[in-house]
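The residues making up each chain are set out below.
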Amino acid sequence: MRVTRKTAALGAATALLAGGLLAGTPATAAPAAACTGDQLSDTGADRPDTTHVRFTVVNNGPACQLRGFPTVALAGQGSPDQNKPLRVVPRGQARPVLLSQGASASTVLTFTPVLGEADGYCASGADPTVAPSLVVGVANTGFQVAPSDGGQFALCGDTVRATAFR
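Residues numbered from 1 in each chain as written. Predicted model: local features only at pLDDT ≥ 70, side-chain atom pairs only at ≥ 80, totals over all residues. Heavy atoms only, no water.

## Points about the overall build of the protein
Per the secondary structure count, the protein includes 1 helix and 12 strands. Its helices and strands taken in sequence order, the protein reads α-β-β-β-β-β-β-β-β-β-β-β-β from the N to the C terminus. Here the protein holds 166 residues, and the buried ones make up 34% of them. The long-range fraction of contacts in the protein, counting pairs at least 24 apart against all pairs at least 6 apart in sequence, stands at 71%. Summed over its atoms, the accessible surface of the protein is roughly 10300 Å², and 55% of this surface lies on carbon and sulfur atoms. (Helix = DSSP H or I, 4+ residues; strand = E, 2+ residues; numbered from the N terminus. Buried < 20%, exposed > 50% of the residue type's maximum accessible area, 1.4 Å probe, protein only. Contact = heavy atoms within 4.5 Å. Areas by Shrake-Rupley, 256 points an atom, 1.4 Å probe, with all protein chains shown as cover.)

## Focus on the sheet that holds strand S5 (residues 84–91)
Strand order in the open sheet formed by 8 strands is S1-S2-S7-S12-S5-S4-S9-S10, and the pairing between neighbours is mixed. A strand with exactly one partner marks an edge of an open sheet, and here the two such strands are strand S1 (40–49) and strand S10 (141–145). Between one strand axis and the next, the sheet turns by 30° as a mean value, whatever way the strands run. Pairing of strand S4 (residues 71–74) with S5, which is carried by 3 bridges, proceeds in the antiparallel orientation. Pairing of leucine 74 across the sheet is with lysine 84, part of S5. (Pairing = 2+ DSSP bridges. Axes fitted to C-alpha atoms, helices over the stretch in contact; angles between N-to-C directions.)

Okay, here's the thing in structure tokens:
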């Protein structure tokens, strides 16, 4: 059997094409969908000291991705239209966090402290703000949380620093 140059080239191209398809790069899984508020629950506001609050969410649904920083507001004493939004200053870089079912992610909120004792004061001279709870926004849902120690949130100014969810 005589093989012509054209037949050999066609055979080589076919083998290369087949080999390329069979030995190509492995398929990658599609990224998980963004977490929704419906699938998340919170574990409350753990307050290790008067200026820091750790807020944690748990994924109760299928795997999802959480990314970014929360929104934060002082709760409006039972009236959502009385909420006082706080300006969130991001700390660190936001990276996607893959949450499998039952997994959790946290952010740490840091407030400008109120100085002094019971009738505290702000170093800036402004009056401190006190609220019994916060509304923390995650995945287009607001979670109203109170301090884990039963106290109230007190801060100076209208700014909170927040780490990205981890």
